[in-house]
Each structure stands twice: as C-alpha cells, then as structure tokens.
Amino acid sequence: MLEVENLSVAYGGLAALREVSLAVRQGEFIAVVGPNGAGKTTLFKAISGTVPVRGGRILFEGQDLLTRPAANRAHLGIAHVPEGRRVFASLSVLENLEMGAWPEAGRKVFAETLDRIYALFPILSERRAQFAGTLSGGQQQMLAIGRALASRPRLLMLDEPSMGLSPVMADTIFDAIRELHHADGLTILLVEQRVAEALDACSRGYVLETGRIVLDGPVSELSTDRLRQAYLGM
Amino acid sequence: MNAAAFVEQAAQALTAGIMVGCVYGLLCVGLAFIFGIMRVINFAQGDFMMVGMYLAFYLATHVLGTTLLGDATPFVAAALTVPVLFIVGGGLHRLLIARTTGLRGVGLSAEGHQAQLILTLGIALVLQNGALILLGTSPHTVLTTLSSSAWELPLLYDDFSAVFINQARAIAAVLSVGVAFGLFLLVARTRLGKSLRAAADNPEAATYMGIDVDRAHRIAFAIGTAVAGLAGGIIVAYYPVQPFVGVDFIIIMYAGVVLGGMGSISGAFWGGMVIGLVQQLSTLVMPLQLQNAAIFAAFVLILLFRPQGLFGRNVERA
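Caption draft 1: Representation of the sheet that holds strand β8 (residues 187-192) of chain A within the structure. Residue and element names in this part refer to chain A. Spatially, β6-β7-β8-β3-β9-β10 is the arrangement adopted by the six strands of the open sheet, whose pairing is mixed. Strand pairing shows two members of the sheet lacking a second neighbour, β6 (78-81) and β10 (212-218), which therefore form its edges. For this sheet the average axis-to-axis angle between neighbouring strands, irrespective of direction, equals 15°. Pairing of strand β9 (residues 204-209) with β10, which is carried by six bridges, proceeds in the antiparallel orientation.

Caption draft 2: Molecular detail of the packing of helix α8 (residues 191-201) of chain B against helix α10 (residues 213-235) of chain B. Residues and elements named next belong to chain B. Axis separation between α8 and α10 bottoms out at 9 Å; the angle between their running directions is 110°. Classified by the angle between their axes, α8 and α10 sit roughly perpendicular to one another. Helix-helix and strand crossings are classified by hand; for α8 and α10 the assignment is left-handed. Residues Leu192, Ser195, Leu196 and Ala199 of α8 form the contact with α10, whose own contacting residues are Val213, Ala216, Ile219 and Ala220. For the contact of α8 with α10, a count of residues per class yields seven nonpolar, one polar and no charged.

Caption draft 3: Region of the structure containing the pairing of strand β4 (residues 55-60) of chain A. All names here are of chain A. Across five bridges, the pairing between strand β1 (residues 2-11) and β4 is antiparallel. Paired with glutamate 5 across the bridge in β4 is arginine 57. Of the strand pairs in this sheet, β4 and strand β5 (residues 63-64) are connected by two bridges, and their pairing is antiparallel. Bridge pairing links leucine 59 to aspartate 64 in β5. Once β4 ends, the chain turns through two residues before running back antiparallel as β5, passing glutamate 61 with a positive phi of about 50°.

Caption draft 4: Highlighting the sheet that holds strand β2 (residues 14-24) of chain A. Residue and element names in this part refer to chain A. As summarised here, the arrangement of the four strands in space is β2-β1-β4-β5, forming an open sheet in which the pairing is antiparallel. The sheet terminates laterally at β2 and β5, the two strands that pair on one side only. Most of the contacts of helix α1 (residues 40-48) go to β1, to which it runs at about 110°, and overall it touches β1, β2 and β4.

Caption draft 5: Spotlight on α8(B). Among the residues of α8(B), Gly193(B), Lys194(B), Ser195(B), Leu196(B), Arg197(B), Ala198(B) and Ala199(B) are the ones counted as buried. Contacts made by the buried residues of α8(B) are with α3 (93-100) of chain A together with α1 (3-37), α7 (167-189), α9 (203-208) and α10 of chain B.

Caption draft 6: Seen up close, the interface of chain B and chain A. Listed as interface residues are 22 residues of chain B and, on the opposing side, 29 residues of chain A. With both chains or domains summed, chain B and chain A bury close to 2,500 Å², and 59% of this area falls on carbon and sulfur atoms. Summed over the shared surface of chain B and chain A, the number is four salt bridges. For the interface between chain B and chain A, the tally reads nine residue pairs in polar contact (both at pLDDT 80 or more). Elements represented by at least two residues in the side of chain B that touches chain A include exactly α8 and α9 of chain B. Here the side of chain B that touches chain A takes six residues from α8(B), the largest share from any one element. Among the residues forming the side of chain B that touches chain A, the class breakdown is eight nonpolar, five polar and nine charged.

Calculation criteria
Residues numbered from 1 in each chain as written. Chains lettered and ligands numbered in written order. Predicted model: local features only at pLDDT ≥ 70, side-chain atom pairs only at ≥ 80, totals over all residues. Heavy atoms only, no water. Pairing = 2+ DSSP bridges. Helix = DSSP H or I, 4+ residues; strand = E, 2+ residues; numbered from the N terminus. Axes fitted to C-alpha atoms, helices over the stretch in contact; angles between N-to-C directions. Parallel < 35°, antiparallel > 145°, perpendicular 65-115°, else oblique. Left-handed = near helix turned anticlockwise from the far one by under 90°. Contact = heavy atoms within 4.5 Å. Nonpolar A, V, L, I, M, F, W, Y, C, P; charged D, E, K, R; others polar. Buried < 20%, exposed > 50% of the residue type's maximum accessible area, 1.4 Å probe, protein only. Buried area = accessible area lost by both parts, 1.4 Å probe. Salt bridge = Lys/Arg side-chain N within 4 Å of Asp/Glu carboxyl O. Polar contact = N/O pair within 3.5 Å; in protein donor to acceptor, adjacent residues only side chain to side chain.

Right, here's the structure in full:
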C-alpha cells in the first residue's frame with residue numbers, strides 16, 4: 001500500500017532522513033519507534049508533503065506521491081494525525097470533524113462515520129458544540145484521531161498520539177487505535193516514543209535512529225534484547 | 001439651546017450614526033476576511049475601496065446612464081464592481097500576496113506579517129498614485145435624486161421637530177446590512193466558510209485534511225477585496241471619491257475589526273457600527289474636527305476593558 005524507497009530529507013544542510021525505506025501492506029499495523037530527533041515526524045511530513053524531499057520515492061497504492069501537491073494526498077486516502085494534535089482551536093468539535101470529511105470519500109458517508117467516531121469517543125459527542133481549543137489534551141487527541149477517521153482513510157498515520165498525556169489517557173488512546181485496527185481493519189502507521197506500548201500493539205516495527213532505519217521486522221523478531229541494543233546502544 | 005432642540009439633534013445624530021455605522025460595518029466585514037480571519041495585514045484595503053468607488057462612478061455616469069435604471073443606477077454600478085474586484089483580489093493574491101501567506105508565510109519572520117505589511121503598503125501607494133495620474137485630483141460623486149432627498153420622520157413630542165433620513169444613505173445602510181449578514185452566514189455555516197477558518201487556524205493541519213490552503217487564502221482575499229469594492233460603490237452615492245479617499249477609511253476599518261474581535265464577522269460589523277455611532281454622536285458635544293479623535297478615545301477605552309474586543313472569544317484552554 002505504502003512504499004517508501006531510499007527517502008532522504010534535509011533541513012538546510014542537516015540530514016534528517018538518510019535513505020529510509022519502509023513498506024506498509026494493506027491491513028498491517030506498523031510502528032516506527034525511536035528516540036527524540038530520530039526523524040519520525042519528518043518521515044510523516046515527507047509522506048504528507050509538508051517538508052521538501054531531497055531524494056527517493058514514496059508510492060501510495062502505486063502512485064508517486066512526490067508528484068502530488070500536499071493538499072491532494074488526503075484525497076488519495078491518507079489521513080495524518082499530526083504531532084501535537086493540531087486541532088482547529090477556534091472551530092467547534094463538530095466543525096473539526098466536518099473538516100476531516102473534506103475529501104470526497106469522507107463527505108459522502110459523513111453521517112455514518114460520525115456515529116462510529118462518537119461510538120469510539122463518546123466524549124466528543126457530548127462536547128460537539130464546544131471550541132476544540134477548550135478541550136483537554138486527551139480529548140484533543142481523540143478529536144484529532146476522529147477528524148482523521150472522518151476522511152474515511154485507507155491509511156491512518158498517527159504521530160505520537162500519547163505525547164503529553166497521562167498514562168491512563170494514553171492507554172485509552174492506544175485501546176482505541178487497537179480497536180480501529182482489529183474491528184475496522186484499518187491500515188495503521190504509528191510513530192511512537194513509547195516503545196513497549198507501540199510494539200505491543202503492532203504487527204511489524206521499524207526502529208529509526210538519527211535518520212536511519214537501524215532495525216526492522218515482525219515484533220517477535222524485534223526481541224527486547226536486540227531492541228534495547230539498537231535503541232539504547234547497550 | 002433648549003431641551004427639545006437637543007433631543008432633535010441627538011435623534012438626528014443617532015440616525016446618522018446607525019446609517020454610517022452599517023456601511024462602516026460592511027467595510028469592516030470586508031477587512032475581517034483578510035485581516036480578522038486569514039490574519040493577513042492589508043494596507044491596501046482602503047484603496048480597494050477607492051478603486052470600487054471610481055469603478056462604480058464611471059459605470060454609473062459613463063456606461064449605465066441614469067435614464068434606464070433611474071435611481072437604482074449607483075447601486076447596480078456598485079453590484080457590478082463585485083466580480084471585477086473579486087478577480088482583481090484573487091489575481092493580486094496569486095501573483096504577489098501568496099508569497100507571504102499560508103504555509104509559505106510560516107517560514108518567514110513574524111509569520112510573514114512584515115512582508116505582507118510592506119507588500120500591501122506598496123500596492124496601496126501604486127493604487128493611490130496610479131489613480132492620481134490617471135484620474136486626477138478632482139472629487140467625484142454619483143448624484144441622483146436620492147442623494148438629495150430625505151424622508152422626514154416626525155418626532156412625536158411636538159409639531160415641528162423631525163429627523164431627516166437621507167434616502168441614498170438609508171438604502172446604502174440597508175444594502176450593507178444585507179450583504180454583511182450574507183457573508184456572516186457564509187463564514188459561519190457553509191463548508192467553504194469553515195474551510196477558510198480551518199486554513200487560517202492551522203494551515204498545516206488543514207493541508208492534512210486535504211484543504212488547499214493557498215486557495216482558501218486566495219478566496220478570502222478575493223472576497224475581502226470584492227466587499228471593499230462593493231462598499232466603495234455604495235458609498236460613492238453620497239461620499240465623493242478622490243485618489244486618497246482610502247486613507248480616511250482604512251483606519252476606521254482596522255479599528256472596527258479589532259474592536260469587534262479578531263476572527264469574528266459579526267464582531268467586525270458591530271465594531272464598524274460602534275465607530276459610526278461614536279463618530280456621529282461625538283458631534284453633539286465636540287467640534288466636528290474632533291470626531292476621529294473621539295473614535296480613538298472610544299477605541300482605547302473599549303480595548304482597555306475588553307482587550308479581546310467586543311465579540312472576541314477565548315478559544316484556548318486556560
């Protein structure tokens with residue numbers, strides 16, 4: 001479904017990603033883990049088109065994403081839940097979800113999707129008329145995920161959904177993500193600093209370190225020892 | 001001056017204030033699209049209005065003629081400025097403004113505001129001096145029978161006091177309210193309006209939703225320009241146009257938008273209304289020359305007690 005081939009991104013002269021390759025197949029749950037500054041967010045932004053790419057290719061369902069303008073990529077079926085949530089603070093909760101349904105695919109079945117989103121996160125239904133900026137961090141994360149779902153994506157990309165949340169709230173969010181994968185069969189690409197939770201939920205993982213993939217494989221093969229070695233250098 | 005005469009004057013000033021306020025309200029709504037919603041500093045807004053005034057003037061006097069349409073001529077001319085200014089605004093945005101707004105603005109210093117300020121100041125100077133070279137300094141206005149006729153509204157406490165309502169101004173006020181309300185609904189209710197707010201609120205996230213942020217900015221800028229043109233076309237039925245007329249109005253527009261609360265269309269309208277009222281009512285107690293001073297005294301006082309503006313809302317979690 002998604003193939004990233006030898007992707008390189010640099011800010012100024014500073015390399016953020018060096019020849020990164022990864023693949024996500026239909027129905028998979030892939031986690032990309034790694035420490036701060038490893039290039040995880042940059043990887044997502046490159047896929048979504050908000051950072052300039054220096055080299056390599058990104059294919060989504062056979063189409064070359066790099067020839068598509070950034071605003072076009074959501075219409076292809078990619079939903080990006082950005083780091084730090086980035087809800088539309090001055091729009092109501094419901095309006096945020098409506099904006100998520102901007103692509104044609106989501107617009108047509110919005111009423112139906114809305115029921116699913118409210119079933120997954122009942123608090124959003126209660127707060128539908130409230131400004132999104134007045135929600136708590138956890139609720140904003142739920143809204144950011146709901147907003148992404150509203151587009152009826154084929155690939156859901158989640159950038160650090162647990163960031164800044166209490167452990168209890170982070171668990172709630174992870175449960176919801178797991179449910180989206182298992183019950184709705186959504187293909188998910190997750191970036192996380194919380195390695196244990198991320199790898200626990202996913203089917204395959206990649207370890208990203210200073211812009212390079214240093215380890216990849218099924219979760220069973222990414223044994224904790226090898227991971228600890230790659231991740232912490234011990 | 002006796003009490004009855006003062007009441008008559010006050011009623012007259014209040015009526016004038018409401019009528020002027022409606023038109024200021026529309027002007028502020030136009031700027032609200034550009035400055036209030038998209039947060040683009042536009043110094044040329046008053047000059048877009050000036051262009052609309054000249055365009056409506058020449059359309060009314062040289063193209064349409066008053067024979068066929070009669071008293072409706074200036075308002076038809078004003079309506080015709082809308083598509084022209086919409087295209088002008090959209091074109092200016094595509095060619096120049098877009099280099100300083102949206103996702104590209106994020107990378108610039110002060111989010112592109114400094115670049116916008118200089119750029120639009122440049123556009124303002126070109127428009128002002130271009131008009132000066134091409135059209136000269138003599139003021140023009142579209143005079144119809146409406147401009148010089150008034151409705152007389154008797155005041156009930158005696159037999160001779162009355163408020164006079166200039167017909168051209170009254171129609172201008174009603175049209176302004178109608179258009180402003182339509183634009184309010186556009187922003188509040190329609191998908192397009194919501195996408196404009198989303199694109200302004202968080203351009204990066206809007207892009208992830210599939211919203212073309214550049215296009216949203218262009219539409220907002222074009223609407224703002226067209227509204228300035230329309231308001232100019234309406235005003236020229238009673239206010240003379242000359243190349244620097246925009247300077248008189250740009251301050252009023254910014255004061256109105258800030259007074260009403262950034263980002264709020266209804267707030268911008270009421271901000272304009274407050275300014276119209278203050279301007280007219282101040283003439284009761286102050287010399288005419290001080291009416292703009294009165295506006296800024298009121299402006300400072302209101303912001304002192306409500307820094308977010310009359311209708312500004314706090315949307316961030318405390």
